[in-house]
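Structural characterization, general
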Amino acid sequence: MRSPGEELADLAGKGLKRSLRHLDSPQGRSVVLHDGAELLNFSSNDYLGLANDDELKTSFAENIHRHGVGSGASRLVCGTLDPHLELEESLAALKNTEAALTFSTGFATATGIISGLCRKGDVVIADKLSHASLIDGSRLSEATLRVFAHNDLNQLEQRLKWARENTDESARILVVTESVFSMDGDRAPLEGIIELKDRYDALLLVDEAHAFGIIGPQGRGLGSEEGLDHRIDLQMGTFSKAVGLSGGYVCGSRVWIDLLINRARSFIYSTAPSPALAATITDALALIAGKRGDELRSALWARLEQFSDETPASAIVPLIIGENEAALAAAERLQEKGFLVPAIRYPTVPPGTARLRLTFSAAHTEADVEALKAALADLT
Ligand SMILES: *Cc1c(COP(=O)(O)O)cnc(C)c1O
């Protein structure tokens, strides 16, 4: 039998062993490591700085008193409480879809949707850089998984053609992409993808994990920004990034949502999220869709424009380094200078493209970004 120790040593030898970083502070603009070092944080996905927001903390505390801490059962048994339905209604209203469904995490959302809608004989066609949860959902479904080169519409069309020729009439063909890619921060060519999926009569799932809250009117996402959201069959995202809390969602037409309630195993066989959490997400969505959300988005985009001469596509800025050890060394030097910036390695990104992944937040100040720029210039 393979020993766990040998496996870990093998990972360490390749510069791929990971370990947990212990923080002694709440999430925020700066964080305190367990060893006492205070670092400016350019590594979280808390893009609007809401994870430790006073207004949301008050709301969470009140919601605990009103609704309780636990939901007690899965949604289909007796765990569907008022806050869950209110959240789904307000989300569908915000996204202008017939219906919405929420899950405990974005990961569970992706695996639940794809494995719930597809089965053997179907085809899932995914962008090569799709998040692990989308790939795992495809594998779970037992559908044939074909990937297309990142943002490559020609290859997507080849895959669609292949799928049409190699499936029977009842088969589902599902195209999967992120709107903003998690490790590169670039955007998908949504319009081209939608034209192709329409031409080949396929379905489209767009994961807005890194766009929801920060892109588009009221932070509704890239689909909304480009006026294409009504042409996307299933829009998913997470409450764990810009929304500052945790959980996942999917929005779409009533029939697709009803089917997911019946088929998505990560929804059916999992206890409903805490009702206090669900109610606080509803409050966070109102905040994000309103005036304060607009102010936070303006602050975030101002910091991003300050950082880079190019027009920023998202709150994620990758600095590709190449080898694992070099990326780790760069992250370590930044940490010595007082910045928390993660080195991202295989298998999260392809081999040879290890990188620093900078993420920005509305909570950062102008001075924070100037200091980061100086520290990075000093690295080279
Ligand atoms: C983070 C992420 C998820 C998972 O969401 P969680 O709520 O963190 O489980 C899914 N898809 C993409 C693209 C992500 O970046």
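What counts and what doesn't
- Residues numbered from 1 in each chain as written.
- Predicted model: local features only at pLDDT ≥ 70, side-chain atom pairs only at ≥ 80, totals over all residues.
- Heavy atoms only, no water.
- Near = heavy atom within 4 Å.
- Polar contact = N/O pair within 3.5 Å; in protein donor to acceptor, adjacent residues only side chain to side chain.
- Areas by Shrake-Rupley, 256 points an atom, 1.4 Å probe, with all protein chains shown as cover.
- 1 Å grid on protein atoms, 1.4 Å probe; cavity = no way out; pocket = protein on both sides within 12 Å on 5 of 7 lines; lining within 4 Å.
- Sits in = over half its atoms within 2 Å of the grid points.
- Nonpolar A, V, L, I, M, F, W, Y, C, P; charged D, E, K, R; others polar.
- Pairing = 2+ DSSP bridges.
- Helix = DSSP H or I, 4+ residues; strand = E, 2+ residues; numbered from the N terminus.
- Domains from an automatic or database assignment.
- Contact = heavy atoms within 4.5 Å.
- Buried area = accessible area lost by both parts, 1.4 Å probe.
- Points joined across faces, edges and corners; volume = space filled by probe spheres on them.
- Salt bridge = Lys/Arg side-chain N within 4 Å of Asp/Glu carboxyl O.
- Buried < 20%, exposed > 50% of the residue type's maximum accessible area, 1.4 Å probe, protein only.

A separate point is the site of the ligand. Close to the ligand lie 14 residues; Asp-207, His-210, Thr-238, Ser-240 and Lys-241 are nearest. Here an oxygen atom of the ligand sits 2.8 Å away from a polar atom, N or O, in the side chain of Thr-238. Relative to its unbound accessible area of 380 Å², the ligand is 86% covered by the protein chains. One can see that the ligand is located within the second largest pocket. Its residues assigned to classes, the shell around the ligand shows 2 nonpolar, 9 polar and 3 charged.

Moving on to the sheet that holds strand β1 (residues 30-32). Spatially, the 3 strands line up as an open sheet ordered β1-β2-β11, and their pairing is mixed. Of all the strands in the sheet, just β1 and β11 (339-340) have a single pairing partner and so form its edges. As paired strands, strand β2 (residues 38-41) and β11 are joined by 2 bridges and run parallel to one another. When the bridges of β11 are listed, Asn-41 appears paired with Leu-340.

Turning our attention to the sheet that holds strand β10 (residues 316-322). Read from one edge of the open sheet, 3 strands run β10-β13-β12, paired in antiparallel fashion. Strands at the two margins of the open sheet, each flanked by one partner only, are β10 and β12 (343-344). Sheet analysis places β12 next to strand β13 (residues 354-359), joined by 2 bridges and oriented antiparallel. The partner of Ile-344 across the bridge, within β13, is Arg-355.

With that settled, consider the pairing of β2. Inspection of the sheet shows β1 paired to β2 by 3 bridges, in the antiparallel sense. The partner of Ser-30 across the bridge, within β2, is Leu-40. Connecting β1 to the next strand, β2, in antiparallel fashion are 5 residues, including Gly-36 with a positive phi near 100 degrees.

This next bit is on the domain arrangement of the protein. In terms of domains, the protein is made up of domain 1 (17-47 + 315-379) and domain 2 (54-289). Measuring from the centre of the C-alpha atoms in domain 1 to the corresponding centre in domain 2 gives 28 Å. Counting from both sides, the interface comprises 11 residues of domain 1 and, opposite them, 11 residues of domain 2. Here domain 1 packs against domain 2, burying approximately 920 Å² in sum over the two surfaces, 63% of which is carbon and sulfur. Looking only at domain 1, the three residues that lose the most surface to domain 2 are Asn-45, Tyr-47 and Ile-316, adding up to 47% of its buried area.

A few words on the layout of surface pockets. Roughly 1000 Å³ of internal volume is contained in the largest pocket. In terms of lining, the largest pocket is formed by 32 residues, of which the most central are Ser-19, Arg-21, Pro-342, Ala-343 and Ile-344. At the level of secondary structure, the elements contributing two or more residues to the lining of the largest pocket comprise α14 (324-336), β11 and β12. Taken together, the residues of the lining of the largest pocket sort by class into 13 nonpolar, 11 polar and 8 charged.

Turning our eyes to something else, we now look at the pattern of salt bridges. Evaluation of the coordinates by the stated rule reveals 19 salt bridges. Note that Arg-199 is salt-bridged to Glu-157, the shortest N-O span being 3.3 Å. Taken as a pair, Arg-199 in helix α8 (residues 190-199) and Glu-157 in helix α7 (residues 153-165) lie far apart in primary sequence, 42 residues in all. Under the relative-accessibility criterion, Arg-199 is labelled exposed at 55%. With a closest N to O distance of 3.0 Å, Arg-254 and Asp-258 form a salt bridge. Of the two residues, Arg-254 and Asp-258 are both situated in helix α10 (residues 254-263); the distance of 4 residues between them amounts to about one turn of the helix. When its relative accessible area of 39% is taken as the criterion, Arg-254 is described as partly exposed. Here the salt bridges do not stand alone but share partners, grouping Lys-197, Asp-198, Arg-231 and Asp-233 into one network.

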